[in-house]
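# Structural description and commentary
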Protein chains: 2
Amino acid sequence: VRNFADRVIERSTILGSPIAAGFDPRVELLPRFLRPAAASRRAVAHAFVRHAELFFDGVAELVPAVKLQIAFFESLGPPGAFAYARCVELAAARGLLVIGDIKRGDIGTTATAYAEGHFTAGTRAAADAVTLNPYLGIDSLTPFLDRVASEGRGIFVLVRTSNPSAPDLQDARLADGRRLFERTADLVDEWGAPHRGTSGYSSVGMVVGATYAAELLALRAAHPHALLLVPGYGAQGGTADAIGDALDADGAGLLVAASRELMRDSAAAGDAKSAVAATRDAANRMRDALRRAFVSRRTP
Amino acid sequence: VRNFADRVIERSTILGSPIAAGFDPRVELLPRFLRPAAASRRAVAHAFVRHAELFFDGVAELVPAVKLQIAFFESLGPPGAFAYARCVELAAARGLLVIGDIKRGDIGTTATAYAEGHFTAGTRAAADAVTLNPYLGIDSLTPFLDRVASEGRGIFVLVRTSNPSAPDLQDARLADGRRLFERTADLVDEWGAPHRGTSGYSSVGMVVGATYAAELLALRAAHPHALLLVPGYGAQGGTADAIGDALDADGAGLLVAASRELMRDSAAAGDAKSAVAATRDAANRMRDALRRAFVSRRTP
């Protein structure tokens, strides 16, 4: 069983592209020709799957991973669950690592049920990694951690999120001087220590938003073994410079998750070929922007 | 639009039963005659729905609400999503308030997607209330709060969970002397203030485990307007005495969630009628135990 973090580092280094392409399907982001005439949940779910194929085709040779936001599928009810499972399968079939952005967190047998649902392939492929919420403590992660070791899966625990309200709880000042998210990061580091690969990175990673550049840099420095999943690039305000500062000497160690940035341009596409091309162009631009920022940081 | 907390208080007072009957379906808890010969996800999902009908029939005249743990459905992949939606519908059709135990938490448009998925009825009924995780701050709750006001929905925010690892983050001591969960509770109280009904209780409630009796009592006293959802009764170790102390003068103000306690006995049932009867007996016993504890607390 290959360590998840090692797989990420290897692919992102080969491709020169520390990107998790975010597929956040919404009706208004569908390529024009895929917009369903009827607004039934079933028709929209079907259009999401067709969009996913084009999106994955556009990014497949440029990024190591995709991140699927399950909420947009869940908004469609049961047909969305089928579409989500199908999208996981379609991405895996193209050789992409699949991160399920599920942000689950529950206890005991319930956490086990979530781990089964997301890491056990039924008739279809399962995600390689998922995002998890730490508020309930380590027993909410345990069933996932078991599969990190035995199946080469990965998890990314929410540490410092990219949204404006992130400080409500995460910035709570503790009696020992740390802020809550720093305590969370220390715990995740400890939980992840047994899961480090030959790359030095752990398959128990952290979600840290690009929108808080100072916190991103501080967490990167304090936790050199943590694989980071970094949302918030582009539309939300995170910059290539912020990422450039947080990359390791090999230009790796994290996955920048961007969605709007990569999905926006294909909305105007009139056919499949131009939707794929628009997605590919956007991914190329993002990769180049990150590379320029990285190089400029390393050149005195 | 009727306030959710008012509906809970009214029904639990009329029934003398502050109980949310927890439906946590698992193969080993299925009444014997419903256990599928094949272990396919589809067959299990179908059995969960048949079990739900009997469970809801057993509790319908004895409790105001049911709590459906979505993780056990999600463990089955897409067929589980259909089964979950069907169970929501079956419970609502019996006049039960439905709490979706989903513990979601995400940001911006993603949080909106979750709110759409769980509060918008598609072809089927939607939940009356859901549980949510506060780690991402108030913007993760906003789309749900909007529907609390406009549609009479409820939310229960995780404050102090019932599991052994709850202290990992929730008991972090803050610089101001509070523990993190107390800060969470203060925030939830503030967020819920605009959503109080004529009962005095807010439709923005808190999840507080029965397994930590001292914390439950302290939170009850500090937040008299918060409707509490109290898991952990029975199998996990929470006692009727702990609940008795936390009930208000009318024997209300919270919903005790119990699942194993109510589902265990029907597993041995050989037919539908005895499965319903076993569930009804268990719900009656639980109601009586809570009533005795309540009365003994009030009688000097």
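Presented here is a report on the structure given in the accompanying data block. (Residues numbered from 1 in each chain as written. Chains lettered and ligands numbered in written order. Predicted model: local features only at pLDDT ≥ 70, side-chain atom pairs only at ≥ 80, totals over all residues. Heavy atoms only, no water.)

### Notes on helix H12 (residues 272–298) of chain B
Residue and element names in this part refer to chain B. When the terminal C-alpha atoms of H12 are compared, their 39 Å separation across 27 residues agrees well with the 39 Å that a helix rising 1.5 Å per residue should span. For H12, every residue scored as buried is listed here: Ala275, Val276, Ala278, Thr279, Ala282, Ala283, Met286, Arg287, Ala289, Leu290, Ala293 and Phe294. Those residues of H12 hidden inside the fold are in contact with helix H1 (4–15), strand E1 (19–23), helix H2 (41–59), helix H10 (240–246), strand E8 (254–258) and helix H11 (260–263). The backbone nitrogen of Lys273 lies 3.3 Å from a side-chain oxygen of the residue at the head of H12, namely Asp271. (Helix = DSSP H or I, 4+ residues; strand = E, 2+ residues; numbered from the N terminus. Expected span 1.5 Å × (residues − 1). Buried < 20%, exposed > 50% of the residue type's maximum accessible area, 1.4 Å probe, protein only. Contact = heavy atoms within 4.5 Å. Polar contact = N/O pair within 3.5 Å; in protein donor to acceptor, adjacent residues only side chain to side chain.)

### Considerations on the relation of the copies chain A and chain B
For the pair chain A and chain B, the relating rotation is 180°, the translation along its axis is 0.0 Å, and the fit reaches an RMSD of 0.0 Å. Put plainly, the chains are arranged around a two-fold axis. (Least-squares fit on C-alpha atoms with pLDDT ≥ 70 in both.)

### Notes on the packing of helix H4 (residues 78–93) of chain A against helix H4 (residues 78–93) of chain B
At a minimum axis distance of 8 Å, the contact between H4 of chain A and H4 of chain B shows a crossing angle of 170°. Relative to H4 of chain B, the element H4 of chain A lies roughly antiparallel. Packed against H4 of chain A, whose contacting residues are Pro78, Pro79, Ala81, Phe82 and Ala85 of chain A, the element H4 of chain B presents Pro78, Pro79, Ala81, Phe82 and Ala85 of chain B at the interface. For the contact of H4 of chain A with H4 of chain B, a count of residues per class yields 10 nonpolar, no polar and no charged. (Axes fitted to C-alpha atoms, helices over the stretch in contact; angles between N-to-C directions. Parallel < 35°, antiparallel > 145°, perpendicular 65-115°, else oblique. Nonpolar A, V, L, I, M, F, W, Y, C, P; charged D, E, K, R; others polar.)

### Some words on the sheet that holds strand E3 (residues 97–104) of chain B
Residue and element names in this part refer to chain B. What the eight strands build is a closed barrel, ordered E1-E2-E3-E4-E5-E6-E7-E8; its pairing is parallel. Within the sheet, the average angular offset between the axes of one strand and its neighbour, ignoring direction, is 25°. Inspection of the sheet shows strand E6 (residues 202–208) paired to strand E7 (residues 226–230) by three bridges, in the parallel sense. Across the sheet, Ser202 pairs through a bridge with Ala226, a residue of E7. Where H4 meets the sheet, its contacts fall on E1, strand E2 (65–69) and E3, and the angle it forms with E3 comes to roughly 150°. Each of strand E5 (154–160) and E6 is contacted by helix H8 (residues 180–192), which is oriented at about 165° to E6, the strand it contacts most. (Pairing = 2+ DSSP bridges.)

### So, the pattern of salt bridges
Overall, the coordinates contain 48 salt bridges over all chains when judged by the stated rule. A salt bridge links Arg153 of chain B to Glu151 of chain B; the nearest nitrogen and oxygen atoms lie 2.8 Å apart. For Glu151 of chain B, a relative accessible area of 33% puts it in the partly exposed group. Residues joined in a network through salt bridges with shared partners are Lys67, Asp101 and Lys103 of chain A together with Asp106 of chain B. (Salt bridge = Lys/Arg side-chain N within 4 Å of Asp/Glu carboxyl O.)

### Quick look at the nonpolar core
With 204 residues, the main nonpolar core has Phe56 and Ile155 of chain A together with Phe56 and Ile155 of chain B as its most contacted residues. Apart from the residues within four sequence positions on either side, Phe56 of chain A is in contact with Phe23, Val66, Leu68, Cys87, Leu90, Ala91, Arg94 and Leu96 of chain A. (Core = buried A, V, L, I, M, F, W, Y, C linked by side-chain atoms within 4.5 Å.)

### Some details on unusual backbone geometry
The phi torsion at Lys103 of chain A lies on the positive side, around 45°, for a residue other than glycine. You can call Lys103 of chain A buried: its relative accessible area is 9%.

### Structural notes on helix H9 (residues 213–222) of chain A
Residues and elements named next belong to chain A. Residues of H9 that are buried: Glu215, Leu216, Leu219 and Arg220. Seen end-on, H9 carries its buried residues on one side only, within an arc spanning 135°. Residues of H9 that are exposed and point more than 90 degrees away from the buried face comprise Ala214 and Ala221. Residues of H9 that are buried make contact with strand E5 (154–160), helix H8 (180–192), strand E6 (202–208), strand E7 (226–230) and helix H10 (240–246). (Arc of directions from axis to C-beta.)

### With respect to the sheet that holds strand E8 (residues 254–258) of chain A
Residues and elements named next belong to chain A. Spatially, E1-E2-E3-E4-E5-E6-E7-E8 is the arrangement adopted by the eight strands of the closed barrel, whose pairing is parallel. Neighbour-to-neighbour, the strand axes of the sheet open up by a mean angle of 25°, direction not taken into account. For strand E3 (residues 97–104) and strand E4 (residues 129–132), the ladder comprises three bridges, and the chain directions are parallel. Bridged to Gly100 within E4 is Val130. Taken strand by strand, H4 contacts strand E1 (19–23), strand E2 (65–69) and E3, and its axis lies near 150° from that of E3. Contacting E4, E5 and E6, helix H6 (residues 142–151) crosses the sheet at an angle of about 135° to E5.

### Quick word on the interface of chain A and chain B
With 62 residues of chain A in contact, the opposing surface of chain B contributes 62 residues. Where chain A packs against chain B, one counts four salt bridges. One salt bridge in this structure joins Lys103 of chain A and Asp106 of chain B, with 2.8 Å as the shortest N-O distance. For the pair chain A and chain B, the number of links is 31 residue pairs in polar contact (both at pLDDT 80 or more). For the side of chain A that touches chain B, the elements supplying multiple residues, two or more each, are helix H2 (41–59), helix H3 (70–74), H4, E3, helix H5 (108–119), E5, helix H7 (167–170) and H8 of chain A. Counting residues per element, the side of chain A that touches chain B draws most heavily on H5 of chain A, at seven residues. Taken together, the residues of the side of chain A that touches chain B break down into 30 nonpolar, 18 polar and 14 charged.

### A few points about the packing of H2 of chain B against H12 of chain B
All names here are of chain B. Relative to each other, H2 and H12 sit at 45°, their axes nearing to 8 Å. One way to sum up the angle between H2 and H12 is to call them oblique. For the pair H2 and H12, the crossing hand works out as right-handed. Every residue of H12 that contacts H2 at Leu54, Phe55, Asp57, Gly58 and Val59 is listed here: Ala272, Ala275, Val276, Thr279, Arg280 and Ala283. When grouped by side-chain class, the residues that make up the contact of H2 with H12 number seven nonpolar, two polar and two charged. (Left-handed = near helix turned anticlockwise from the far one by under 90°.)

### Notes on the packing of aromatic side chains
Going through the model one piece at a time under the given rule, you end up with 17 aromatic pairs over all chains. Between Phe55 of chain A and Phe56 of chain A, the ring centres sit 6.1 Å apart and the planes meet at 70°, which makes this aromatic pair edge-to-face. As far as burial versus exposure is concerned, Phe55 of chain A and Phe56 of chain A are alike and both buried. Centre to centre, the rings of Phe23 of chain B and Phe73 of chain B are 6.4 Å apart; their planes meet at 45°, and the pair counts as tilted. Taken together, the positions of Phe23 of chain B in strand E1 and Phe73 of chain B in helix H3 (residues 70–74) put the pair 50 residues apart, joining distant regions of the chain. The class for Phe23 of chain B is buried, based on a relative accessible area of 0%. Its relative accessible area of 1% is what places Phe73 of chain B among the buried residues. Seen from the ring of Phe181 of chain A, Arg160 of chain A lies directly overhead, with NZ or CZ sitting 5.1 Å from the centre. Directly above the ring of Tyr212 of chain B sits Arg160 of chain B, whose terminal nitrogen or CZ lies 3.9 Å from the centroid. (Phe/Tyr/Trp six-rings, centres within 6.5 Å; stacked < 30°, edge-to-face > 60°. Lys NZ or Arg CZ within 6 Å of the ring centre and 35° of its normal.)

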